[in-house]
Structures are given as structure tokens and as C-alpha cells.
Amino acid sequence: MSKLNIPSALVLVGLASGFAMAGCSDGASKPPCEGEDCEEVDSPVTEGDGDKPKADAGGKRDAGGGTKRDATTPPPAADKGNLPCDVAPVVTKYCGECHASSPKFSAPMALVTAEDFAKADPDAIAARVGESDPRKAMPPTTSAKPSATEKAALMAWLGEGAPAGTEKCNVTPQPTADAGTNRPDSGEVPPPVDEELECYKMVAHSGNGTGKYRVGAARDAYFNMTFKAPWTGVAYGIQINPIIDNDKVIHHWLLFQDDVPGRNNAIASSVGAHPAGQLLHGWAPGGSPLDFRKSGVDVGLELPGDNSTYTMEYHYNSSDPGAMDSSGAEICVTKRKPANIAGVSWLGTDNLLIPANKWSGTCAPLSDKPIHILAVVPHMHKQGTHMKSVITRKDGTKEVLHDEPFDFEYQRLYEKDVWLQPGESIATDCTFAQPMTFGTSTEAEMCYNFTVAYPKGALASPGLWGSFAHGGSNCLGQ
């Protein structure tokens, strides 16, 4: 089965796509210059060039290989900030998406130039790159990892104090083949939609459907925005593309279908509970578009129109009183009913009243039909370090569905192609760095493994509390 390209939902900010490295300037020799300006000076030599000198940018080469800068030629613009050519592509690929010139997703500083690294303390950065604790490691433990050669080049350079390079390198951003490509924050353009699909946007607004939402100074603030379905009749969601506007303040968003219609364009504070809502998709750093076309299966989400409404839950963290945002989603639908209707189920547990380092919840679906699991999206908060979900088959054997470290700053989707048969169950364990209890704040904890599967509603065994907080599409161990 081909790969499914769906949400790092929740998600519930980051980052698996990267950039491929391109070579530095080739250092090809130029014809010797003539005239009295051609005085010999020292010229840098690149490794592997032997004694062949290389012309300085903007300089002239004399017959002996030296260079002299023309008085009218300014020095290279990035003399102080150039990254060495063996380091530049590594930094671009593994640091550049968060530590950009304008840092994103709570990154504390830019890491674009040699000066940036020098100011940030090369030794401290090297310690993070070599860190074994998944909560402190850089790049995040759930993102793409540098190869041994790439890491060695970066660590050697940091060990030297991060000196500026002597050349300006040509690094061309290109996507890697890593899982998690097509992320909205990577700059990669989502795959083109089929002609049969019609796309609609639901984004944060000022309250009348226009303008941007005034976030202001907001600490762990949750807001709900309600949108009337822009299509008529029943439509089927095939693709949901995250739209991320102000990446400095948005932490995540969740999209729900309302069981009980709300008021169009209504805005209200939220406590994170949606007893009358069905989770459809979400985004956090590391998140991806939902694209059922990549699954190799005729599948989609059933989305009623007309007077139906949809609610976007936004989680903001902002210290800027003037912060504005218009993040949200582009929903692409068709009127053709797919052969299979999918849904998103909440696995894990809400029973977290007593502080503990590990929480566990077992999902025992009530369905008598086989269930096809297409993807899982783990979600915890800052103290979460690892999630493991294990299937118990009817014969008593165990099969790992998911077993990966967790990183709050990079919450990604994991594609699956797993069938669950009637009578089988899934046990989910969440591990935390210190004893924690449940809460919607990022300073408290959660233990959810959001699971995309069909038939819709089959992966459910709603208990009393789970139904109150998350509606009927949950299979939480109580």
C-alpha cells in the first residue's frame, strides 16, 4: 500500500522534511589578469585542490595565483557570517526550520550565520546536539537525524568555536524522503488537488469572518471559532491542508465536526473539552496535511453541509500584546461518496488524577467489524518522553503498533497499515520525565494516541468521562 500523507494532528509546532545539500563553489581557475593591479596576495586553498589557488570573491587573479581586491569592489556581504561549506547544508537541513532568521515555534534564537552560533555559545549547542535526553536533544528526537558524517562536521566546527567560513556556499533547499514531508511549515507546496475536489478555508478571524484574530498577550490560551459549512449537502473530505499564519504564537489547532450546530463566526474561550464534537484533524509543529489520496484506499471523511457547523480549537502562547493570527485549515471535498468512511479516535487515557511517571489505557473496541488503522498521532505535553501502543491479538500474541520517543516541539504523524480484528485490543503507555497529572495546560499532561481508521466509529468504546470530554469517537482506557 502506498503511504498515507495525513496529520501530525495534534495533534496536538516542526519537522521531518528537510533540505538536501548542494556543493560549494567549484573553485575553477580563472585566466590570469594583466596589468599593474595584479599583485600577489595570499589566497585560500580548498581541500583536494593541491596547490591550485582559488580567487577571492570580487578579486582579480594574477599570473602567480594571488588576488587583489579592486578598490571599488566591496568585501563579500557575508564575510563575518558565512557558514563553512561542509556545515551550511547541515544547519539548513536540521536547524533552519525553527531557528530561522526570524525564529519559529518558540525557538529561542536564530541559527543562520556563524555570528548567530557564536552569540548562542557553540559549546552549549554542541551539548544539545550530543544530548541523550530526548527532551533536550537537538534536532528533536522525532525529526530527521543527521548522518554520522554530517554530525561529525557540525560538532568539529562547533568545537572550534564556530568560525566563519571563507566562502559563500550554494545550499539549495529541497525536500528529503523522510516521513512527514508536505509539512506546511517546511515551505513545501502541498500536492495538487484533483479537479473533482473543491477547497474551502476555515481560518482564525476578527469575529465577522474577515480580518485576523487578535491574539494579544496569551499564555496557554484556548479559543474556539465556529464556522458554518460552506458546502451544501453531504461532502466527503479527501484533503485537509494546514494554513499557518503567525508561527510565533500558534501552538496547535484541532478541527471538530459539531454534532449540535453552533453559531456561525462565534468566538469563545475553551477548556479543551468537546463532548458534542467529532475530531477530524489537527496541527502542531511537525504536523502534515491530511491526504487520503495517498493511502491507496478509496476513503474519506463524511462532512455534512447546509446548517452544519465546524469548530476550530486554537491553542495560543504569545507575549506580544499586538499579536494577530489567521491560521486554520483548507478543506478539500468531493460529492462522490468513497467506498470507506474514516474517523479519528482518541486512544490512551484520561484517568490521570494521581501523579505518575507512566500512564496506561487499553482500547477494547465494541465493533464486530475488522478495523483498518491508517495512521497514529501521539500527543502529550512537555514532560512526555515516550509512547508505546501494543495490540493484543485474539490468540494472545502481541504486536507493536507504535513505539517511539515523543517530543513536544515536534509532534508528527506515523503512517500505518494495520488491521485490528474483532475481540482484539490496543494498550497505550505514556511515559513522562516526572510524575504528572492530567490537565489542558502545557504544564500539566495528556496521554492520547489519535488514531485514523475506518470504518468510522468502529474504533470506539466510550466510557462516561471520555464521552463527556471527547464525544463518542473515543476508546480511552478509564
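Quick caveat: nothing in here was measured; it's all calculated off a predicted structure.

> How would you explain the overall build of the chain if you had to name every residue and give the values?
Assigned secondary structure in the chain consists of 5 helices and 24 strands. For the chain, the proportion of its 478 residues judged to be buried stands at 52%. For the chain, the computed accessible surface area is about 20,900 Å², with 52% contributed by carbon and sulfur atoms.

> Report on the sheet that holds strand β21 (residues 414-420), specifying residues and quantitative values.
Pairing in this open sheet of 5 strands is mixed, and the strands run β21-β18-β23-β16-β24 from one edge to the other. Of all strands in the sheet, those with a lone pairing partner are β21 and β24 (474-477), marking the two edges. Taking each pair of neighbouring strands and ignoring which way they run, the sheet shows an average axis angle of 25°. In the sheet, strand β18 (residues 371-379) pairs with β21 via 5 bridges, with the strands oriented antiparallel. Looking across to β21, one finds that I371 is bridged to L420.

> I'd like to hear about the nonpolar core, residue by residue, with values.
Burial of nonpolar side chains together is a common tendency in soluble globular proteins. Of all hydrophobic cores here, the largest spans 50 residues; its most connected members are W231, L255, Y314 and Y316. A88, V90, A114 and F117 belong to the second-largest nonpolar core, a separate cluster that totals 20 residues.

> Now, about the state of the cysteines: what can you tell me, with residues and values included?
For the structure shown, the criterion picks out 3 disulfides. Sulfur-sulfur distance for the disulfide between C199 and C332 comes to 2.1 Å. Every disulfide takes its handedness from the sign of the S-S torsion; for C199 and C332 that torsion is 110°, giving right-handed. With C199 in strand β3 (residues 198-203) and C332 in strand β14 (residues 328-334), the pair connects residues that are 133 residues apart, well separated along the chain. By relative accessible area, which is 32% here, C199 ends up partly exposed.

> If you had to explain the pattern of salt bridges to someone new, which residues and values would you point to?
Considering all chains together, one arrives at 8 salt bridges under this definition. Here K212 makes a salt bridge to D245, at a shortest N to O gap of 3.2 Å. Linking K212 in the loop between β3 and β4 (213-214) with D245 in the loop between β6 (235-243) and β7 (250-258), this pair joins segments that are 33 residues apart in sequence. Residue classification places D245 among the partly exposed positions, given a relative accessible area of 29%. Here R393 and E424 are joined by a salt bridge, their closest N and O atoms 2.7 Å apart.

> Outline the packing of aromatic side chains, listing residues and values.
Taken as a whole, this structure holds 12 aromatic pairs when the rule is applied. Their ring planes at 90° and their centres at 4.9 Å tell us that W346 and Y448 sit as a pair that is edge-to-face. Here Y448 lies in strand β23 (residues 447-454) and W346 lies in strand β16 (residues 343-349), a separation of 102 residues in the sequence. You'll find W346 and Y448 in the same group, each marked buried. Arranged with centres 6.1 Å apart and planes meeting at 85°, the rings of W419 and Y454 form a pair that is edge-to-face. Here W419 is found in strand β21, whereas its partner Y454 is found in strand β23, with 35 residues between them in sequence. Judged by relative accessible area, which is 38%, W419 ranks as partly exposed. Look at Y454 and you get buried, because its relative accessible area is 7%. Ring pairing ties together the aromatic residues Y213, F223, Y314 and Y316, which thus form one cluster. Above the ring of Y414, the side-chain terminus of R412 is found at 4.2 Å from the ring centroid.

> So, the side chain of S327: which residues are in play, and what are the values?
The residue S327 is located in the loop between β13 (324-325) and β14 in this model. Of the polar contacts made by the side chain of S327, one reaches the side chain of D325; its length is 2.8 Å.

> Help me get a handle on the sheet that holds strand β12 (residues 309-318), residues and values and all.
An order of β8-β5-β12-β7-β9 is seen for the 5 strands of this open sheet, with the pairing classed as antiparallel. Strands with a single pairing partner mark the edges of an open sheet, and in this sheet they are β8 (267-269) and β9 (277-283). The sheet shows a mean angle of 25° between the axes of neighbouring strands, taken without regard to direction.

> Give a description of the pairing of β18 that names residues and reports values.
The buried fraction of β18 amounts to 9 of the 9 residues, a majority that puts the element mostly inside the structure. Relative to β23, β18 is paired through 7 bridges, and the arrangement is antiparallel. Looking at the pairing, H379 lines up with Y448 of β23.

> Any chance you could break down the pairing of β12 for me, citing the residues and the numbers?
Side-chain positions along a regular strand alternate between the two faces of the sheet. When you tally the buried positions in β12, you get 9 out of 10 residues, the bulk of the element. Strand direction decides the pairing type here: strand β5 (residues 218-228) and β12, joined by 9 bridges, are antiparallel. Residue pairing across strands places K228 opposite T309, the latter belonging to β12. Where β7 and β12 come together, 7 bridges link them in antiparallel fashion. Each residue of the ladder has a partner; that of F256, found in β12, is T311.

Rules used in this analysis
Residues numbered from 1 in each chain as written. Predicted model: local features only at pLDDT ≥ 70, side-chain atom pairs only at ≥ 80, totals over all residues. Heavy atoms only, no water. Helix = DSSP H or I, 4+ residues; strand = E, 2+ residues; numbered from the N terminus. Buried < 20%, exposed > 50% of the residue type's maximum accessible area, 1.4 Å probe, protein only. Areas by Shrake-Rupley, 256 points an atom, 1.4 Å probe, with all protein chains shown as cover. Pairing = 2+ DSSP bridges. Axes fitted to C-alpha atoms, helices over the stretch in contact; angles between N-to-C directions. Core = buried A, V, L, I, M, F, W, Y, C linked by side-chain atoms within 4.5 Å. Disulfide = S-S within 2.5 Å. Salt bridge = Lys/Arg side-chain N within 4 Å of Asp/Glu carboxyl O. Phe/Tyr/Trp six-rings, centres within 6.5 Å; stacked < 30°, edge-to-face > 60°. Lys NZ or Arg CZ within 6 Å of the ring centre and 35° of its normal. Polar contact = N/O pair within 3.5 Å; in protein donor to acceptor, adjacent residues only side chain to side chain.

Without other data, these values stay purely geometric and don't point to any function.
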